[in-house]
Amino acid sequence: MKQMLQNQQMIEMITQLQPLLSQRNKIGYVAARNTRMLRDQLVEFEQIRRDLIERYGTDTVNESGAPAKMIKLGTPEFKSFCDAIEPFSTIEHEVDLMTAKYEDAIGVLTGEEILAVDWMLED
C-alpha cells in the first residue's frame, strides 16, 4: 500500500516496528520489510539530523566510553536543533508499505502491539 508520509512519521513507525523484528513469522517478515522501506526513505534526513547533532551537540561520552555528541532537552542548543530540523521533518515521501491481515496478528501480538502497528494491519 503506497502512502505519503513525513520524515517524522516514518521515524515513529520504525520505533513501533522495533519490538516485532525478532519474530519468526509473517508479522516479523512484514515488520522487517517495512523497516527497510522506511529506513531507505530516511537516508538523507538521518544525515541532516546527524550533522545538526554534531553542530548543536555538546561533547560527552557514551555508555561504551566512546566520545559522542548530545543535545540536552530544554537548552538553547536543543531549541536551535529543533528549529533547524523542523523543515526537514515535514518533508513527505511516497512509501510502498506491506500490510498483514489482522488474523495474522491474533495470538501473535499483544493488544498494545496491535494498536502500535495498526497502520500496517488490514481486514
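That block above? That's the structure.
A quick note: this is a predicted structure, and the numbers were derived from the prediction, not measured.

A short note on the overall build of the chain
(1) Moving on: When helices and strands are counted, the chain shows six helices and six strands.
(2) Moving on: Starting at the N terminus and ending at the C terminus, the chain contains elements arranged as β-α-α-α-β-β-α-β-β-α-α-β.
(3) Moving on: Here the C-alpha atoms of the chain give a radius of gyration of 17 Å, more than 25% beyond the 14 Å that 2.2 N^0.38 yields for 123 residues.
(4) Moving on: Overall, the chain is about 50 × 35 × 25 Å in size when its C-alpha atoms are taken along their principal axes.

Details of the environment of L20
(1) Moving on: With respect to the element layout, L20 can be found in the loop between helix 1 (7–17) and helix 2 (26–41).
(2) Moving on: Sequence-distant contacts of L20, that is, excluding residues within four places in its chain, are made with I27, G28, A31, L109, E113, V117 and M120.

Re the environment of V43
(1) Moving on: Secondary-structure assignment places V43 in helix 3 (residues 43–56).
(2) Moving on: With a relative accessible area of 47%, V43 lands in the partly exposed category.
(3) Moving on: Remark: the alpha-carbon pair of V43 and I11, spanning 32 residues in sequence, is separated by 11 Å.

Cut-offs used in this document
Residues numbered from 1 in each chain as written. Predicted model: local features only at pLDDT ≥ 70, side-chain atom pairs only at ≥ 80, totals over all residues. Heavy atoms only, no water. Helix = DSSP H or I, 4+ residues; strand = E, 2+ residues; numbered from the N terminus. Rg over C-alpha atoms; globule rule 2.2 N^0.38 Å. Contact = heavy atoms within 4.5 Å. Buried < 20%, exposed > 50% of the residue type's maximum accessible area, 1.4 Å probe, protein only.

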